[in-house]
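Listed here are the chains, written in short residue letters.
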Amino acid sequence: MSNNLYPIFLKAHQLDTLIIGGGSVGLEKLSFMLKSSPDARVTLVDKTIRSEIRQLATRHPQITLLEREYFTEDLTGMHLVLVATENPETNRKIQQEAKDRGILVNVADTPELCDFYLGSIVTKGHLKVAISTNGQSPTIAKRLREVLDDALPEEIDELLLRMKQIRNQLKGNFGYKVKELNRLTSSLVYGTKHKENENERDNS
Ligand SMILES: C[C@@]1(CC(=O)O)C2=NC(=C\c3[nH]c(c(CCC(=O)O)c3CC(=O)O)Cc3[nH]c(c(CC(=O)O)c3CCC(=O)O)/C=C3\N/C(=C\2)[C@@H](CCC(=O)O)[C@]3(C)CC(=O)O)/[C@H]1CCC(=O)O
Ligand SMILES: NC(=O)c1ccc[n+]([C@@H]2O[C@H](COP(=O)([O-])OP(=O)(O)OC[C@H]3O[C@@H](n4cnc5c(N)ncnc54)[C@H](O)[C@@H]3O)[C@@H](O)[C@H]2O)c1
């Protein structure tokens, strides 16, 4: 199987996400989503809402909880759907209803029914790294998150902020700025030896 996934970074606070099923898997998906996007606009529907989910909703007031069975109409206006009931037939039915409406859908732990996969996520200030193993091993995705979380220094956020300041201060045309920003950062990649960048985005 080739690796043809295309990663994107969603502004989850501007999108509406529906989670169906708030059992152990639904709770895990919701927690990870809120960890990365505390202001994500999420509606969760389940026949019985667990106390852990109620607690999350208290801490994230933009979350809507619906304590009842899922209805097809719940999909109205949704951009993303995460399905996590314990019933494969229910999951398949909801997946089909979402697809019919052109809504992107993830059926937890069921790669063949997913339009997208959730990734393992490392956050250091403004830096966010999302990891996928193309569905081959979520466990390795989790382990890599732990490795990168240790390896990337917290100071990386200061570097990003400093680079932004420098970019704002640079005078000159776009091509000059790109060259200068690449020159300043070349030692990160090539050690102290400066090397002109062959691939940089320079349309000067
Ligand atoms: C990254 C992460 C994000 C998240 O969930 O938010 C995530 N799974 C995580 C953990 C995890 N999930 C499972 C285990 C137990 C070990 C195991 O069974 O392998 C562990 C590890 C653990 O918990 O230690 C069970 C499992 N998961 C999937 C299957 C089905 C299959 O593989 O066929 C089964 C078997 C179910 C069964 O046996 O019935 C499938 C998917 N899980 C994905 C994402 C997508 C692919 C991501 C990628 O491309 O790498 C994909 C395809 C769809 C999706 O769910 O989006 C999160 C780590 C977060 C973190 O810690 O950072
Ligand atoms: N691979 C498989 O064939 C297979 C089979 C069974 C379960 N699973 C796994 O089970 C996951 C769910 O596991 P879990 O441990 O979270 O189960 P769980 O039983 O803890 O949670 C499922 C939740 O879905 C809710 N639910 C079920 N039907 C509903 C409906 N029609 N409307 C609203 N809520 C509904 C239940 O009330 C429950 O809270 C699936 O995503 C999948 O990973 C996989």
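In this text, all values refer to a predicted model and were calculated from it rather than measured experimentally. Positions within a chain are numbered from 1, following the residues in the order the chain's sequence is written. All chains are assigned letters beginning at A, and all ligands numbers beginning at 1, according to the order in which they are written. The predicted origin of the model limits local features to residues at a pLDDT of at least 70 and limits the giving and counting of side-chain atom pairs to 80 or more, whereas totals for whole chains, interfaces and linings rest on all residues. Excluding hydrogens and water, the side-chain values take into account all heavy atoms of the structure.

1. Here we look at the pattern of salt bridges
Step number 1: For this document, the term salt bridge refers to a Lys or Arg side-chain nitrogen within 4 Å of an Asp or Glu carboxyl oxygen. Throughout the structure, instances matching the rule amount to 11 salt bridges.
Step number 2: Between Glu-154 and Lys-124 there is a salt bridge; the shortest N-O distance is 3.3 Å. Highlighted residues: Glu-154 in the loop between α4 (138–151) and α5 (156–169) and Lys-124 in strand β6 (residues 120–124), separated in sequence by 30 residues.
Step number 3: Across the pair Glu-180 and Arg-183 runs a salt bridge whose closest N-O atoms are separated by 2.6 Å. In this pair, Glu-180 and Arg-183 are both assigned in helix α6 (residues 174–190), three residues apart and thus about one turn of the helix distant.
Step number 4: Each residue is placed in one exposure class: buried if its accessible area under a 1.4 Å probe, protein chains only, is under 20% of its type's maximum, exposed if it is over 50%, and partly exposed if it falls in between. Glu-180 gets classed as buried once you look at its relative accessible area, which sits at 16%. Where helices and strands are cited, they refer to DSSP runs of H or I of at least four residues and of E of at least two residues respectively, numbered from the N terminus.

2. Focus: the sheet that holds strand β2 (residues 41–46)
Step number 1: What makes two strands pair is DSSP finding at least two bridges between them. With respect to topology, five strands assemble into an open sheet ordered β3-β2-β1-β4-β5, the strand pairing being parallel. Here the strands that pair on one side only, and so sit at the sheet edges, are β3 (64–67) and β5 (104–107). Averaged over all pairs of adjacent strands, the angle between their axes in this sheet comes to 15°, without regard to strand direction.
Step number 2: When strand β1 (residues 16–20) meets strand β4 (residues 80–83), the two strands line up parallel, connected through four bridges. Looking across to β4, one finds that Thr-17 is bridged to Leu-80. A fitted line through C-alpha atoms represents every axis, and for helices the fit uses only the stretch in contact; the resulting angles, taken between N-to-C directions, go from 0 to 180 degrees.

3. Let's talk about the environment of Gly-135
Step number 1: Considering the arrangement of structural elements, one finds Gly-135 in the loop between β7 (127–131) and α4.
Step number 2: Residue classification places Gly-135 among the partly exposed residues on the basis of a relative accessible area of 39%.
Step number 3: Along the sequence, Gly-135 and Val-107 sit 28 residues apart, while their C-alpha atoms lie 13 Å from each other.

4. Some remarks on α5
Step number 1: Across its 14 residues, α5 extends 20 Å between first and last C-alpha, which sits within 8% of the 20 Å expected from 1.5 Å per residue.
Step number 2: Listing the buried residues of α5 in full gives Ile-156, Asp-157, Met-163 and Ile-166. The span expected for a helix works out to 1.5 Å for each residue beyond the first.

5. Structural notes on the site of ligand 2
Step number 1: In the vicinity of ligand 2, 17 residues are found, and the nearest of them are Ser-24, Val-25, Asp-46, Tyr-70 and Asp-109.
Step number 2: Within the backbone of Val-25, one N or O atom sits 2.7 Å away from an oxygen atom of ligand 2.
Step number 3: Distance and chemistry together define a polar contact, namely a pair of N or O atoms within 3.5 Å, with one atom able to donate a hydrogen and the other to accept it when in protein, and with adjacent residues in sequence counting only for side-chain atoms on both sides. Here an oxygen atom of ligand 2 sits 2.5 Å away from a polar atom, N or O, in the side chain of Asp-46.
Step number 4: About the coverage of ligand 2: the protein hides 69% of its 880 Å² of free accessible area. We call a residue near a molecule or strand when any one of its heavy atoms sits within 4 Å of it. Note on areas: Shrake-Rupley with a 1.4 Å probe; residue coverage comes only from the protein chains shown.

6. A look at a nonpolar patch on the surface
Step number 1: Any residue with relative accessible area above 30% and no salt bridge may belong to a patch, with like charges joined within 9 Å and the nonpolar Val, Leu, Ile, Met, Phe, Trp and Tyr side chains within 5 Å. Taken together, the side chains of Tyr-6, Ile-8 and Leu-10 make up a nonpolar region of the molecular surface, amounting to roughly 390 Å² of accessible area.
Step number 2: Relative to the elements of secondary structure, Ile-8 occurs in the segment before β1.

7. As for helix α1 (residues 24–36)
Step number 1: The end-to-end C-alpha distance of α1 is 19 Å, a good match for the 18 Å that 13 residues give at a rise of 1.5 Å each.
Step number 2: We call two residues contacting when some pair of their heavy atoms lies within 4.5 Å. Among the structural elements, β1, β2, α2 (51–59), β4, β6 and β7 are those in contact with the buried residues of α1.

8. Examining the side chain of Arg-145
Step number 1: Inspection of the secondary structure assignment puts Arg-145 in helix α4.
Step number 2: Here Arg-145 is buried and forms no salt bridge, its nearest opposite-charge partner Glu-146 lying at an N-O distance of 4.6 Å.
Step number 3: Each residue touching Arg-145, except ones within four places of it in the same chain, is listed here: Ser-120, Ile-121, Val-122 and Ile-131. Counted as positive: Lys and Arg. Counted as negative: Asp and Glu, with His and the chain ends omitted from the count.

9. Here we look at the site of ligand 1
Step number 1: In the vicinity of ligand 1 lie 20 residues, with Lys-29, Ser-120, Thr-133, Lys-142 and Arg-145 positioned nearest.
Step number 2: The side chain of Ser-132 places a nitrogen or oxygen atom 2.7 Å from an oxygen atom of ligand 1.
Step number 3: One nitrogen or oxygen atom from the main chain of Asn-134 is found 3.2 Å from an oxygen atom belonging to ligand 1.
Step number 4: The protein chains hide 71% of the 1100 Å² of surface that ligand 1 would expose on its own.
Step number 5: When residues of the shell around ligand 1 are traced back to their parent elements, those giving at least two are α1 and α4.
Step number 6: By the convention adopted, Pro, Cys, Tyr, Trp, Phe, Met, Ile, Leu, Val and Ala count as nonpolar, Lys, Arg, Asp and Glu as charged, and the other residues, Gly among them, as polar. Considered class by class, the residues forming the shell around ligand 1 number seven nonpolar, eight polar and five charged.

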